[in-house]
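Examination of the molecular architecture
Here are the chains, one letter per residue:
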Amino acid sequence: MSWRYIAQRALPESILDWDVPLTLSSNPRRELSGPGSLTGTIEPEYARMRGADGKPILQEWATKLYLEVDGVIRWGGIVTKTSYEGAKATVQAEGLSCYPQGIPYESHMISGQRITPRDPYAGKDKNFDGWVDGKKGIQKVPPPPKPYGGPRLDVFDAFRNIWAHVQSRPYGNIGLTLDRHDLGEKLGAADGSDPWELAWWDSPDCGASLDTLARTTPFDWREEHTWATPGGNQISHRLLLGRPRLGRKRTDLRFAGDENLVAMARPEGMGEDYANEAVVLGRGEGRKMARAQVTRFDGRLRRVATVTDKTLVSAKALRVRGEQELAGRTQALQIPSIQVVDHPNARFGAWQLGDDVRVQAHVPWIGDLDVWHRIIADEVSADGTITLTLRRSDSFHY
């Protein structure tokens, strides 16, 4: 495989170096619903690693870094940390989706706001006899209008609004575009009983708010970096949104021992983390605290996991959080990761994060294992091997 690392100034986007002499310390890692990361070193000191403006080419929060393999961009991110020791420079980078972390939300967004209409008869029964003043025996005071729910936002609209807010601030546009389709699920209750709100006066963190939306709904997202035009020098950045998940069942791919599977992490169960019941504690205190109890009994002794998340209010949100917790705790034996090579069973890059793939291997004490797993991260090595991080497909409840 032909590798090269490309450095680009973040603002404005202009190529700084087409072949950064980077030596990997950790393989470029892509993550499902996460930014991924890359760490490398440069040694000795290269004069060309300083730009025409005198600034280092690899500068924290000022340089985008890409890995191109055989003409295809396989990883992209922004330099977040650099350190120097003698003639050696160490560079850490994370995917562009790390950018909103730590940035405050400075606006106001609400979905399903409780609206109480003005009562046209308010103050027209000053003697409280139940009749409109001056119309006793003629017109009774009607009940006040009932509150109702205001406009509601699709979950993906709220997610896009936060990203738009981040990129609308001065020097904040990282050039990331988001899919435009809707999830089909609205935030807040239709009757206004449980509005969803993001307000600057609560000092919310944009990154944390994005993560909470994706986790509690739930849905997937994935970064993608591609050449804007073949043979050009402009790179497009896209955030793909899953409805409700990304990826598909890949019956055309297979990972099997003695074929394309060259190494496998030790299969594992849940051990002391096993649970078949979840208690979720949400907003509020004491007896008024929001609470849900989710069970998934499977013939084993009762084991309980307690989760506290003060951002949760509605019964649905609490239940979804409980189901998520159990999905990760009641799974049977799984293979945490495998190392594979390019093979007709599964060509390099043929899969996408979120895909379900079949893993077949012989495991001592267990025998032949044939289980569908979901790809939640991948790492490519310069020697041509690829490490896939996996979770059992049936451990996802969406």
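Up top you'll find the structure we're talking about.
The following paragraphs examine the structure supplied in this document.

Reading guide: rules and limits
Residues numbered from 1 in each chain as written. Predicted model: local features only at pLDDT ≥ 70, side-chain atom pairs only at ≥ 80, totals over all residues. Heavy atoms only, no water. Buried < 20%, exposed > 50% of the residue type's maximum accessible area, 1.4 Å probe, protein only. Helix = DSSP H or I, 4+ residues; strand = E, 2+ residues; numbered from the N terminus. Contact = heavy atoms within 4.5 Å. Polar contact = N/O pair within 3.5 Å; in protein donor to acceptor, adjacent residues only side chain to side chain. Phe/Tyr/Trp six-rings, centres within 6.5 Å; stacked < 30°, edge-to-face > 60°. Lys NZ or Arg CZ within 6 Å of the ring centre and 35° of its normal. Pairing = 2+ DSSP bridges. Axes fitted to C-alpha atoms, helices over the stretch in contact; angles between N-to-C directions. Expected span 1.5 Å × (residues − 1). Parallel < 35°, antiparallel > 145°, perpendicular 65-115°, else oblique. Left-handed = near helix turned anticlockwise from the far one by under 90°. Nonpolar A, V, L, I, M, F, W, Y, C, P; charged D, E, K, R; others polar.

Some words on helix α2 (residues 206-216)
Given 3.6 residues per turn, any residue in an α-helix points the same way as the ones three and four places further on. Among all positions of α2, only C206, G207, S209, L210, L213, A214 and T216 are buried. Its buried side turned inward, α2 meets α1 (155-168), β12 (196-199), β13 (221-227) and α3 (315-327). Between the side-chain oxygen at the start of α2 and the backbone nitrogen of G207 there is a gap of 2.8 Å, and the oxygen is on D205.

Thoughts on the packing of aromatic side chains
Given two aromatic rings, one states the distance between the centres and the angle between the planes to describe the pair. In total, this model carries 7 aromatic pairs according to the counting rule given. Relative to Y99, the ring of W61 lies with its centre 6.5 Å away and its plane at 55°, an arrangement referred to as tilted. Highlighted residues: W61 in the loop between β4 (34-42) and β5 (63-69) and Y99 in the loop between β7 (88-94) and β8 (108-111), separated in sequence by 38 residues. Judged by relative accessible area, which is 45%, W61 ranks as partly exposed. Seen from their ring centres, F159 and F219 are 5.2 Å apart, and the 90° between their planes marks the pair as edge-to-face. On the criterion of sequence distance, the pair formed by F159 in helix α1 and F219 in the loop between α2 and β13 is long-range, its members being 60 residues apart. F159 gets classed as buried once you look at its relative accessible area, which sits at 1%. Exposure remark for F219: the relative accessible area of 2% places this residue in the buried category. Here the basic side chain of K124 rests over the ring of Y121, its NZ or CZ set 5.7 Å away from the ring centre. The ring of W372 carries the charged tip of K249 above its face, separated from the ring centre by 4.6 Å.

Examining the sheet that holds strand β19 (residues 304-308)
One open sheet holds the 3 strands; their spatial order is β18-β17-β19, and the pairing between them is mixed. Looking at the sheet topology across the chains shown, the edges are occupied by β18 (291-295) and β19. Across the sheet, the mean angle separating the axes of adjacent strands is 15° when strand polarity is ignored. Sheet topology places strand β17 (residues 277-281) next to β18; 5 bridges connect them, and they run antiparallel. Residue A278 lies in a different strand from β18, and its bridge partner there is V294.

Things to note about the side chain of S381
Locating S381 in the fold gives a position in the loop between β22 (367-380) and β23 (385-392). A residue is classified by how much of its surface remains accessible, and S381, at 9% relative accessible area, is buried. Excluding residues that lie within four positions of it along the chain, S381 makes contacts with M1, W3 and N27.

Some details on α3
In a regular helix each residue adds 1.5 Å, so 13 residues correspond to 18 Å; α3 covers 18 Å between its end C-alpha atoms and thus fits that length. Buried residues along α3 sit in contact with α2, β17, β18, β19 and β23.

Points about the packing of α1 against α2
One can describe the packing of α1 onto α2 by two numbers: an axis separation of 10 Å at closest approach and a directional angle of 165°. In terms of orientation, α1 and α2 fall into the roughly antiparallel class. As α1 runs across α2, the sense of the crossing is left-handed. Mapping the contact onto sequence places V155, A158, F159, I162, W163, H165 and V166 in α1 and C206, S209, L210 and L213 in α2. Considering only residue class, the contact of α1 with α2 consists of 9 nonpolar, 2 polar and no charged.

As for the side chain of T80
Tracing the sequence through the fold places T80 in strand β6 (residues 72-85). The class for T80 is buried, based on a relative accessible area of 14%. Apart from the residues within four sequence positions on either side, T80 is in contact with E60, W61, Q92, A93, E94 and C98.

What to know about the pairing of β4
With 5 bridges joining them, strand β3 (residues 23-31) and β4 adopt antiparallel strand pairing. Its bridge partner being in β4, T23 is matched across the sheet by T41. Connecting β3 to the next strand, β4, in antiparallel fashion are 2 residues, including S33 with a positive phi near 55°. In the sheet, β4 pairs with β7 via 6 bridges, with the strands oriented antiparallel.

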